[in-house]
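Overview (structure and organization)
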Amino acid sequence: MSDAENEFAGLPEDEEEFVEDKAGAEGSEGGGEGSVDSSEEEEEDGENEYEVDGFVVDEEEDGGDGEGDAEGSDVEVPKSKKKKRKRNFALDEEDYMLLEDNQVRVKRPQERKRLKRRGDGHERGREKANGVKQLQEALFGTGDLEDELADLQDGKPAEDKEGSAGAAERRQRYDDFGDVSDEMDDFIVDGDGEGDRRRSRRRRDSRVAQAAGLSTAAVQAANRLFGNFGELLDLHQSHRMFDRPDADGLDDEVEDDEEQDEAMEDEDDAERRRQERQERAAAKKQQKLLAQVDPELVENHYLRPDDHAIRQADVPERLALLGKSVLESVAEDQRRTVLDEAARWVSDNLFGQHSQESKIREVVEDGIVEVTGDYPGPNGLRTPGEEHFWPKWQLDDTDTDMDLRNNRAVLARRGRRIPERFSKSREELARDERRILDSWRKDADKQAGLRQSIRAVLEHAFEKHEEVPLQAMFRKEQCGELLSLRETDRPETTGNEHKDVQTEPDERWPRGTIQPKHRRIRRWDVLWAVYNWGTRFMELYRRRQKRIEVYNSIYEQAATDEERDAIAACHDQLMLTYNPHAIDDIDAKFRYVTDLAKAMGDLNVENGGGSGTARRPGRPNSLRRFLKYGLGEAARDISISMQQFKENIDHMELRNMPEDPSVSPLEWAEQQISARGFTLEEERARMGALAKPDSFLAAVKEILATELAAEPCLRQVVRSELYQHALVTTTPTTAGEEVLDPFHPYGITKHLVNKRVQTLEGTDTWLRILAAEKQGYIKLEITWPDDNLKITVTNVGELYISDNIADVATKWNSLRKEVLSVAVRRKLLPVMLQELRARLTSNAIDTVLGVAGDRFWQFVCQPPIKIMEVPDEQDQEPVQMEAPRVMAVVWGSGQQGEGPTTIVQLDGQGNLKDLLTAAQLSGNIPRTVNSGSREQPVFDPAADPKKSRDSHKLREKILEHKPNAILVGTSSPQSKQLKDDMEKISQYTESDSRFKEELLPHLENKRVEVMWADDQAAALWANGEAAKGEFPDYSFLVRKAVGLGRIALDPLAVIATLCGRRKEILSLRLHEMQDRLPREALATRLEQTLITAVAQVGVDINAMAANPWRQAPLQLVPGLGPRKARALLAAIAANDNHIKTRVDLLKQDDTPFGAGANSEVAQMGPTVFRNAAPFLRVRRGEVAALQNEDEFDALDDARIHPENEALLQVILEEAFPDLVEAGAGVDMRTAIEAPLNLQQLDLWAVADANNFMFKLPTLVDMLHELLAPYGEVRQGLPTPTEEDAFYLRHGETRESLKRGKLVDAKVVWVGETEAKVIIQQNGMEAIIPQVLVSSDPAAAIIMSNQFKIGQMVTARINDTGDQETGYDENQRRRYVVTLTTRSQDLTDHEKYERMYCSSVDRSYRPPDRQQQQQQAAQAMPVLRPASRVQLQK
């Protein structure tokens, strides 16, 4: 053994250490293969970072003075053995010292040079070393500061040089730090694999040290500070790579551009080029950064190039997502035609005879509209001088004629207000209403006006890029009857308020007029329907244009005139229709024509024409063979052409007839076979069965039937007849018999017999049928009754035959009828049934979407909590607080993993100030015991030992934070007792002397109110991404309580948060069948509902900037979206987190709204600004940081569009003529402070004098806004009623909690006349009265004998009523559920099946009991009597 081998004796064979480089920059280097790890070590230590490529770093570049190690060469071994290498091992200096201390001779190897890193160039390696050095200096300090500053001034990172004082000092500091950090770090311990693990860590640290140019001791010290120091280095390097200039020529480009800029004389051009250069550099830098980021993260934060383009485009974001508008791709002279066609198509689909939008049609036909203009009079005629008078029989809520001058608005209704209606019977009124409605439908001028309104809405939406809210609020004059209201959206009128206090009519506000305080949030159903159907038309138009392009392309490839004529006919029909079914039918005809061309390709199509057409899947090869053999020509000889057949159907008379051959069909077939040479032996063998007359005739019939099935006119007839006569029948399966009952969501589908599909329109029954079929509960059958089918085939067949009555003609007509029957029954009917299923599904989805949207509307219409501030003076009226302090309480079970009841305190801005957990008020909360006497009971939770501790804490929190209201969530049956305790704690707190001293002077409403709060949305918010990001360290109940309080302060802000990318709002239960809806369709419907509410409520942009949790509604402002809203908020944050006026948001100078700001906060182009500006509020509000700011412009805090500023100035000058004459200016704040001048203004005269009559509705809205700036339009209840809370606490609805439902209940208390139970399905308390225990009226029922505490009973809900009880001093209404256990009630299933199924749907026909018994008997095995011998045995 050589000396070199003796020196390494005792070390592991696979051990490898890298020698520390003195320079500490490039690391050690070696040459040859001796420095390469073996495959075994690669598997152990991971992928090798270095490769032998023949490149050795030069010593001058390395900065070291070592030489290549000649000992690194491989040792040759025999080929039969595994190749081994002699390794050069290098230990750390401390290891060498430790070995020498233990009397071990070790030869210290010379320093080696590091191999080039795989895939890295010299510059990249140097940059990595420099980056590591920068991190090293940031972590452990620097050496010579003056040298580093000089290097940095030259634009280079400070580099350590060999022998520099900074390097030596830093090296010494690293080594000293490593020595004193832990004296036992390098002590070798044997046993339990500790030595192996230590050596593995040592190898890892050595590799990191070599790559980073550090000592091993420094790396070990960094590991103790930061964990895995290698990962930290990699992270630092990945960040640095985006901060350095681009390696592929960006530096050269910058230098060249700078030289060109210096040579340019125009400073503006030079500045523009510099900005463009900076933008390009920033874009490249961003692309590099995004390439390293998770794609899902990029998508979630809208960082893709497409997102950037949408942000920069001056188009409303939601319209930009639809893609390029069809109108933009059409020549300007053709846009009018496209808009006319779109308006006609939308009108037919919404208000036509076969419209599927029945709800929308009913809204317009009812004709409830707010009117401010002149009365059109009957048939459009007006009496001169009396245009402003409306007759009483046209108006709602008034019995007198109305003069609409003096800025009055009233409600008009069509078909409801009949002259002398009080003297007519119900039948006469109904007849008059139908007459009025029919007259409106047949009035050509009224229908033309409706289509013109639709056209105007579509033009403003898709050409001028104006969203629906902008048109509904500021383009009223063009919308007309499209602004019709639902009955539930009608605003209150003077003298007809639904409140205890009625407004007395006066001369200024007569009965029936709409005052500013009566304004109410509206849904704009009809406008949204027009917009959505307009979007469908644009998609249909694109599809139609693509088909036209395909037809033209195939037309050019056709080789014969016949083929070109057929394709041209398809093209001409396509140009005349926008019906999607008609387009499908024409496409089917086109595919038949192209298939025919393919089949005859070797005869009459050039170059295999039609090769560009996709092959129709599923086409039988036999048909192509028939056509190729010329049977198509034979078929045309015995039938009329499809053009002639279409003419017969269009006129429903036999205008064209086929010619009947003179021989019978079989004889004709023999003649055709002979004429085509099929009788020859060779041809007979090739043709096979086609050489036989009957087979030849069958092939001809197949060709004719296929041609008929592809004919659009026949498809249209079959589709229409099928929809009129198709029937649906359902049969329960074995599983369905057990599961489906009248209370099951699919119960109505159990026994449907011959239900006409037309009756499914406008209901959700079809979705329930599909769901039940998918679950295996029913079998579904859609049939076309044979009688109706025969009639249809016969009627259509009469248009396909000849009128000859000869025997031969009769045979031919029978063949033609057979052909048509095959086409209808075998070819078209299966296709039409699938199409019918799709149509029913689409209609049912639209119906459920409408219901879900209506229920969601109740959430978005919820106003903030209403806390009235009690004034100090008695003659002052109370005003509503803008930012009340609320305490939110959420019940908790107290069990492990769920948490106890949680109470949080929020300030007026919704910020979490404090929280408290109440274990004593968790789980099954006991009722508070009476701590007083029977004569003077005291139900104070603080005096109850089971609740005293948490009650005292809660009192202290109330005294400390002074909440205006306590909100109790309705998520559990225990919430009822929790609310009772909260009320008692509040009451006894108010009776405390400390309340008057510490709390009352600071409590604006002079008491702590306790209210219910619906926490459904709060629970979704607590589980959402936004809540977890804001409160990562808090429990679910804390987040839920915070959401509950924030919903009370700003409902739209929390609900809009749920409409982010994750769409948590889709989990809100709005309909039983919403899980069957397409997610995107439901999300779009809910988003449109939210946009409608946000636009009418408005958003306070400065409050959003100050409170991030309120920022979500900004993305729902018209014109904006999540991308534009984020950019706007970022710009506002950079602008001291506020803006002073809406015009500051405008980008450009030359706009209709005045000069833009051209600042960082200017993020909107004119189009986006026009959509968004009127819905943005700019004010100080309750933002603390803005209280010292100057007064904001009142116009920016009003629902008045900046484009109407000229109209506003006219109103102000007319209302304050004295100020105008005095030369003083009149601003909006002056008008708000003097409302009497505005109320006396005659807007009719003002509009007439200034030629603004067409803007009269807008003028009335502006005046109402001046009289009540940003008045609350959400008129719903801010908190649930006791009845609503009853259903919410138990997770039930009025539809799910029905009389007769079977439930399991647990007895908890037994009295003399009743037993109290808990329903297990929902935790609801119920009672079983003594009279509902037994079916025997004579039985003496002793309740204690019938029921035991803890006993489980099966009962049926008998009633869900309410009782007035003296449960507490509040005398509140209490809802009680009564159950019955009588046997006759438990077994009477037919009663409730009739109540909830048969009476609802006449097609629901359950089999009678006798029939059920017969079916059950048939299903049972037959038992035969045993014989005498068998009995003996």
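Scroll up to find the structure this text is about.
Here the structure is a predicted model, which is why all the values come from computation and not from measurement.

**Observations concerning the packing of helix 18 (residues 426-442) against helix 19 (residues 444-462)**
- Two numbers describe how helix 18 lies on helix 19: the axes approach to 5 Å, and their chain directions differ by 65°. Here helix 19 runs roughly perpendicular to helix 18, going by the angle between their axes. In this structure, helix 18 contributes Trp440, Arg441 and Lys442 to the contact, and helix 19 contributes Ala444, Lys446, Gln447 and Leu450.
- Considering only residue class, the contact of helix 18 with helix 19 consists of three nonpolar, one polar and three charged.

**Some thoughts on the side chain of Asp940**
- Looking at the element boundaries, Asp940 is found in the loop between strand 12 (912-918) and helix 37 (948-961).
- Side chain to side chain, Asp940 and Arg955 meet in a polar contact 2.7 Å long.
- If near-sequence neighbours (up to four positions away) are discounted, Asp940 is found in contact with Thr928, Arg955 and Tyr988.

**Comments concerning helix 46 (residues 1122-1134)**
- End to end, helix 46 covers 18 Å across 13 residues, agreeing with the expected 18 Å (1.5 Å per residue, within 8%).
- Residues Pro1122, Arg1123, Lys1124, Ala1125, Leu1128, Leu1129, Ala1131 and Ile1132 constitute the buried set of helix 46.
- Following helix 46 by one or two positions, Asp1136 adopts a phi angle in the positive range, close to 60°.

**Looking at the packing of helix 22 (residues 525-557) against helix 44 (residues 1079-1097)**
- In contact at an axis separation of 12 Å, helix 22 and helix 44 are set at 135° when each is read in the N-to-C sense. Taken together, the axes of helix 22 and helix 44 are oblique relative to one another. Our pair here, helix 22 against helix 44, has a crossing hand that is right-handed. Residues Trp528, Tyr531 and Asn532 of helix 22 form the contact with helix 44, whose participating residues are Gln1088, Ile1091 and Thr1092.

**Observations regarding the environment of Leu1145**
- By secondary structure assignment, the location of Leu1145 is in the loop between helix 46 and helix 47 (1166-1172).
- Remark: the alpha-carbon pair of Leu1145 and Glu1160, spanning 15 residues in sequence, is separated by 8.9 Å.

**Concerning a negative patch on the surface**
- A grouping of Asp1193, Glu1205, Asp1227 and Glu1233 is seen on the molecular surface, where their side chains present a negatively charged patch.
- Within the fold, Asp1227 resides in the loop between helix 49 (1217-1221) and helix 50 (1228-1233).
- The class of Asp1227 is partly exposed, set by a relative accessible area of 41%.

**Quick notes on the side chain of Lys476**
- Residue position: Lys476 is located in helix 21 (residues 476-479).
- A polar contact of 2.6 Å, which involves the side chain of Lys476, links it to the side chain of Asp1261.
- Excluding residues that lie within four positions of it along the chain, Lys476 makes contacts with Gln471, Leu483, Pro1257 and Asp1261.

**Structural notes on the sheet that holds strand 5 (residues 727-732)**
- Here three strands make up an open sheet; going across it, the order is 6-5-7 and the pairing antiparallel. Looking at strand neighbours, the two that pair on one side only are strand 6 (755-756) and strand 7 (778-783), the edges of this open sheet.
- In this sheet, strand 7 lies alongside strand 5 in antiparallel orientation, the contact comprising six bridges. By the bridge assignment for strand 7, Thr731 is matched with Lys779.
- Contacts between helix 34 (residues 765-775) and the sheet are confined to strand 5 and strand 7, with strand 7 contributing the most and set at about 130° to the helix.

**Here we look at the pattern of salt bridges**
- Summed over the entire model, instances satisfying the criterion amount to 68 salt bridges.
- Here Arg486 makes a salt bridge to Asp525, at a shortest N to O gap of 2.7 Å. With Arg486 in the loop between helix 21 and helix 22 and Asp525 in helix 22, this residue pair connects regions lying 39 residues apart in the sequence.
- Overall, the relative accessible area of 14% leaves Asp525 in the buried class.
- In this structure, Asp585 and Arg719 form a salt bridge, with 2.8 Å as the shortest nitrogen-oxygen distance. Taken together, the residues Asp585 in helix 24 (residues 580-599) and Arg719 in helix 32 (residues 712-725) connect sequence positions 134 residues apart.
- By relative accessible area, Arg719 is classed as buried at 13%.
- One continuous salt-bridge network, built from bridges that share partners, spans Arg486, Asp489, Arg523, Asp525 and Asp854.

**So, helix 54 (residues 1282-1289)**
- Those residues of helix 54 that fall on the buried side of the exposure criterion are Ala1285, Phe1286, Tyr1287 and Arg1289.
- Positive phi shows up at Gly1291, right after helix 54, with a value of about 65°.

So, how was this worked out
Residues numbered from 1 in each chain as written. Predicted model: local features only at pLDDT ≥ 70, side-chain atom pairs only at ≥ 80, totals over all residues. Heavy atoms only, no water. Axes fitted to C-alpha atoms, helices over the stretch in contact; angles between N-to-C directions. Helix = DSSP H or I, 4+ residues; strand = E, 2+ residues; numbered from the N terminus. Parallel < 35°, antiparallel > 145°, perpendicular 65-115°, else oblique. Contact = heavy atoms within 4.5 Å. Nonpolar A, V, L, I, M, F, W, Y, C, P; charged D, E, K, R; others polar. Polar contact = N/O pair within 3.5 Å; in protein donor to acceptor, adjacent residues only side chain to side chain. Expected span 1.5 Å × (residues − 1). Buried < 20%, exposed > 50% of the residue type's maximum accessible area, 1.4 Å probe, protein only. Left-handed = near helix turned anticlockwise from the far one by under 90°. Patch = residues over 30% accessible without salt bridge, like charges linked within 9 Å, V, L, I, M, F, W, Y side chains within 5 Å. Areas by Shrake-Rupley, 256 points an atom, 1.4 Å probe, with all protein chains shown as cover. Salt bridge = Lys/Arg side-chain N within 4 Å of Asp/Glu carboxyl O. Lys, Arg positive; Asp, Glu negative; His and termini not counted. Charge placed at Lys NZ, Arg CZ, Asp CG, Glu CD. Pairing = 2+ DSSP bridges.

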